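Analysis of the macromolecular model
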Amino acid sequence: MQDPLDEMVKTLAKVRDEKLIKDFLVCLLTQSELEEIGKRWALVRLLDEGHSQRKIAEELHLSLCKITRGSRELKKPNSAFRAFIDLYKRIEATLPPDK
């Protein structure tokens, strides 16, 4: 049997339906886990935008340790965080502005 995380990642990489992915995550994770993942994504985006770690800690109610970890991950060569942030920016740049 393949590693369960690898199976899930392989499957998610093929899904092109945002609603299905969100529904899957809502089924898989608790509300608290979903909120925590959302905060971690927000902290990486805010770091990328140049916000201070203290401001992020206050805004998201996260420890400075978590934010420092995110900052370190974002700065690593070949960072997955950086790759996702860059991908997110490219996707957002192609969407029409909200009306």
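Reference entry: report on the structure contained in this document.

Rules of the game
- Residues numbered from 1 in each chain as written.
- Predicted model: local features only at pLDDT ≥ 70, side-chain atom pairs only at ≥ 80, totals over all residues.
- Heavy atoms only, no water.
- Helix = DSSP H or I, 4+ residues; strand = E, 2+ residues; numbered from the N terminus.
- Buried < 20%, exposed > 50% of the residue type's maximum accessible area, 1.4 Å probe, protein only.
- Contact = heavy atoms within 4.5 Å.
- Areas by Shrake-Rupley, 256 points an atom, 1.4 Å probe, with all protein chains shown as cover.
- Lys, Arg positive; Asp, Glu negative; His and termini not counted.
- Charge placed at Lys NZ, Arg CZ, Asp CG, Glu CD.
- Core = buried A, V, L, I, M, F, W, Y, C linked by side-chain atoms within 4.5 Å.
- Axes fitted to C-alpha atoms, helices over the stretch in contact; angles between N-to-C directions.
- Parallel < 35°, antiparallel > 145°, perpendicular 65-115°, else oblique.
- Nonpolar A, V, L, I, M, F, W, Y, C, P; charged D, E, K, R; others polar.
- Left-handed = near helix turned anticlockwise from the far one by under 90°.
- Patch = residues over 30% accessible without salt bridge, like charges linked within 9 Å, V, L, I, M, F, W, Y side chains within 5 Å.
- Salt bridge = Lys/Arg side-chain N within 4 Å of Asp/Glu carboxyl O.
- 1 Å grid on protein atoms, 1.4 Å probe; cavity = no way out; pocket = protein on both sides within 12 Å on 5 of 7 lines; lining within 4 Å.
- Points joined across faces, edges and corners; volume = space filled by probe spheres on them.

So, on to the overall build of the protein. For the protein, the count of helices and strands is 6 helices and 0 strands. Listed N to C, the secondary structure of the protein is α-α-α-α-α-α in terms of helices and strands. Principal axes of the C-alpha set define a box for the protein whose edges measure 40 × 35 × 30 Å. Per-residue burial for the protein yields a buried fraction of 16% across its 99 residues. For the protein, contacts bridging at least 24 residues in sequence account for 33% of all contacts bridging at least 6. Summing over all exposed atoms, the protein offers an accessible surface of approximately 8,100 Å²; the carbon and sulfur share of this is 59%. Positive and negative charge centroids in the protein, built from 19 and 17 side chains respectively, lie 4 Å apart.

Quick look at the nonpolar core now. Among the nonpolar cores identified, the biggest contains 12 residues, and these are Ala42, Leu43, Val44, Leu46, Leu47, Ile56, Ala57, Leu60, Leu62, Ile67, Leu74 and Ile85. Of all the elements in the fold, those that place two or more residues in this core are α3 (31-48), α4 (53-60) and α5 (64-75). Considering each element in turn, this core owes the most residues, 5 residues, to α3. Beyond its immediate stretch of four places on either side in the chain, Leu60 contacts Lys39, Ala42, Leu43 and Leu46.

With that out of the way, let us pick up the packing of α5 against helix α6 (residues 80-94). One can describe the packing of α5 onto α6 by two numbers: an axis separation of 6 Å at closest approach and a directional angle of 80°. By the angle between their directions, the pair α5 and α6 is classed as roughly perpendicular. Together, Gly70, Glu73 and Leu74 of α5 and Phe81, Arg82 and Ile85 of α6 make up the contact between the two elements. Partitioned by chemical class, the residues of the contact of α5 with α6 number 3 nonpolar, 1 polar and 2 charged.

What follows deals with the packing of α3 against α5. Contact pair α3 / α5: the axes reach a minimum separation of 10 Å and the direction vectors enclose 60°. It follows that α3 is oblique to α5 by the angle criterion. You can see that α3 and α5 cross each other, and the crossing is right-handed. Side by side, α3 and α5 meet where Glu36, Arg40, Leu43, Val44, Leu47 and Asp48 of the first sit next to Lys66, Ile67, Arg69, Gly70, Ser71 and Leu74 of the second. For the contact of α3 with α5, the class distribution of residues is 5 nonpolar, 2 polar and 5 charged.

The subject of this paragraph is a nonpolar patch on the surface. A cluster of nonpolar side chains, contributed by Phe24, Leu25 and Leu28, occupies part of the molecular surface with about 230 Å² of accessible area. Position of Leu28 relative to the elements: it lies in helix α2 (residues 18-28). The class of Leu28 is partly exposed, set by a relative accessible area of 44%.

For the rest of this paragraph, the subject is the layout of surface pockets. Looking at the largest pocket, its volume works out to about 1,700 Å³. Forming the boundary of the largest pocket are 32 residues, of which Ile21, Leu25, Ile37, Trp41 and Phe84 lie nearest the centre. Contributions of two or more residues to the lining of the largest pocket are made by α1 (4-14), α2, α3, α5 and α6. Broken down by class, the residue content of the lining of the largest pocket amounts to 22 nonpolar, 2 polar and 8 charged.

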